[in-house]
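Coordinate analysis (summary)
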Amino acid sequence: MSTIDTSNRKPQPHKSPIYGNLVPAYQALWPAVARKRIVAAVRSLNIPTGSEVLEVGVGTGLSLDSYPTDVSVTGVDLSESMLAEAEHLIEERGWEHIRVMPMNAEELTFDDNSFDFVTSFHTISVVSRPDAMMREIVRVCKPGARILMINHFRSENPIIARVVDSAGNITKRLGWRTDLDLDEVLSDLPLRLDQRSKPNPLSLFTVMKATCKPA
Ligand SMILES: C[S@@+](CC[C@H](N)C(=O)[O-])C[C@H]1O[C@@H](n2cnc3c(N)ncnc32)[C@H](O)[C@@H]1O
């Protein structure tokens, strides 16, 4: 798998300061909330030996120990301070099958049809252009590749959707939108939706699995 030269394309910092400046607070609070559902979802993919895996918005590397060690994992993120934590973890654990690099999810610099699996957790709500991120994920997926995403999407239940909408102004200040519609995000893309479920009945999050460019 080759990458396009990125040496003169410096990624822009994310608009919200939270991911650049609040890494210690984020590290203290977020893993307890998010890790369990990420580990369960990644393991459910049964990723075969030798697969090329891309994780978009890898952050501090919370998910990295859920991948098998006999696959090749590339993690990308816009925040260099989040990536520094992930790099530290990779070095500490001696993970030679994992690399991370700065990259904008909306403008991936990988060739078309590069990956067997693309994962992304809690990221599509914070990028500026979710539709562009999704198009890029599909572009870099090989035909038949699997996509796994965990995210908060607008509830299909109108009452829950209205309650969550009312919190939207607060979460928007953190750079996190609550009104993303999964059907809209996936519309007009060559994808087959395989799974759309909650990690548990009360969860605000959705686990989405899809097959890319199905035969
Ligand atoms: C809520 S955090 C989730 C991190 C990790 N996936 C997790 O679940 O712990 C969102 C991540 O998206 C990254 N991010 C925001 N905009 C991005 C973009 N345009 N391209 C790549 N990463 C981006 C942030 O830097 C941050 O690490």
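So, here is what we can say about the structure in this document. (Residues numbered from 1 in each chain as written. Predicted model: local features only at pLDDT ≥ 70, side-chain atom pairs only at ≥ 80, totals over all residues. Heavy atoms only, no water.)

**Section: the state of the cysteines**
Scanning all chains against the criterion turns up 0 disulfides. Unpaired in terms of disulfides, Cys141 finds its nearest cysteine sulfur in Cys212, a separation of 3.7 Å. With relative accessibility at 0%, the residue Cys141 sits in the buried group. (Disulfide = S-S within 2.5 Å. Buried < 20%, exposed > 50% of the residue type's maximum accessible area, 1.4 Å probe, protein only.)

**Let's talk about the nonpolar core**
Among the nonpolar cores identified, the biggest contains 31 residues, and Leu54, Phe110, Met134, Ile147 and Leu191 are the most heavily contacted of them. Of all the secondary-structure elements, those providing two or more residues to this core are β1 (52-56), β4 (115-121), α4 (130-140), β5 (141-151), α6 (182-186) and β7 (206-212). Top element by residues in this core is α4. It accounts for 5 residues. For Leu54, the contacting residues outside a window of four places in its chain are Thr74, Val76, Leu108, Phe110, Phe115, Phe117, Val118, Thr119 and Val140. Ranked by size, the runner-up nonpolar core spans 29 residues in total, among them Leu45, Ala86, Trp95 and Trp176. (Core = buried A, V, L, I, M, F, W, Y, C linked by side-chain atoms within 4.5 Å. Helix = DSSP H or I, 4+ residues; strand = E, 2+ residues; numbered from the N terminus. Contact = heavy atoms within 4.5 Å.)

**Notes on the environment of Cys141**
You can see Cys141 is positioned in strand β5. Between the C-alpha atoms of Cys141 and Leu54, which are 87 residues apart in sequence, the distance is 9.1 Å.

**Notes on α4**
Counting buried positions along α4 gives 8 out of 11 residues, so the element sits mostly inside the fold. Among all positions of α4, only Pro130, Ala132, Met133, Met134, Glu136, Ile137, Val138 and Val140 are buried. Lining the buried residues of α4 we find β1, β4, β5, α6, β6 (191-197) and β7.

**Concerning the site of the ligand**
In the vicinity of the ligand, 23 residues are found, and the nearest of them are Trp30, Gly57, Asp77, Phe121 and His122. Note that a nitrogen atom of the ligand is positioned 3.2 Å from one of the backbone N or O atoms of Leu78. In this structure, a nitrogen atom belonging to the ligand sits 2.8 Å away from a main-chain N or O atom of Ala105. The protein chains hide 99% of the 590 Å² of surface that the ligand would expose on its own. (Near = heavy atom within 4 Å. Polar contact = N/O pair within 3.5 Å; in protein donor to acceptor, adjacent residues only side chain to side chain. Areas by Shrake-Rupley, 256 points an atom, 1.4 Å probe, with all protein chains shown as cover.)

**Re unusual backbone geometry**
Phi is positive for Asp188, which is not a glycine, with a value near 65 degrees. Locating Asp188 in the fold gives a position in the loop between α6 and β6.

**Quick word on helix α3 (residues 80-93)**
Compared with an ideal rise of 1.5 Å per residue, which puts 14 residues at 20 Å, α3 spans 20 Å between its outermost C-alpha atoms and is within 8% of the ideal. Listed in full, the buried residues belonging to α3 are Met82, Leu83, Ala86, Leu89 and Ile90. Taken down its axis, α3 places every buried residue within 115 degrees of arc, on the same side. Exposed and facing more than 90 degrees away from the buried side of α3 are His88, Glu91 and Glu92. Following α3 by one or two positions, Gly94 adopts a phi angle in the positive range, close to 65 degrees. (Expected span 1.5 Å × (residues − 1). Arc of directions from axis to C-beta.)

**Quick notes on the pattern of salt bridges**
Per the counting criterion, the structure on display carries 10 salt bridges. Of the charged contacts, one joins Arg146 and Asp194 as a salt bridge, the two residues approaching to 3.4 Å between their closest N and O atoms. Remark: Asp194 occurs in strand β6 and Arg146 occurs in strand β5; sequence separation between them is 48 residues. Between Asp194 and Arg192 there is a salt bridge; the shortest N-O distance is 2.8 Å. Note on Arg192: relative accessible area 43%, which makes it partly exposed. (Salt bridge = Lys/Arg side-chain N within 4 Å of Asp/Glu carboxyl O.)

**Some thoughts on the sheet that holds β6**
A sheet is described by the order of its strands in space; here 7 strands give the open sequence β3-β2-β1-β4-β5-β7-β6, paired in mixed fashion. Lying at the two open borders of the sheet, with one neighbouring strand each, are β3 (98-102) and β6. Taken over all neighbouring pairs, the strand axes of this sheet differ in orientation by 15 degrees on average, direction set aside. Its contacts with the sheet put α3 on β2 (72-77) and β3, and the angle it makes with β3 is roughly 165 degrees. (Pairing = 2+ DSSP bridges. Axes fitted to C-alpha atoms, helices over the stretch in contact; angles between N-to-C directions.)

Structural measurements only, silent on function.
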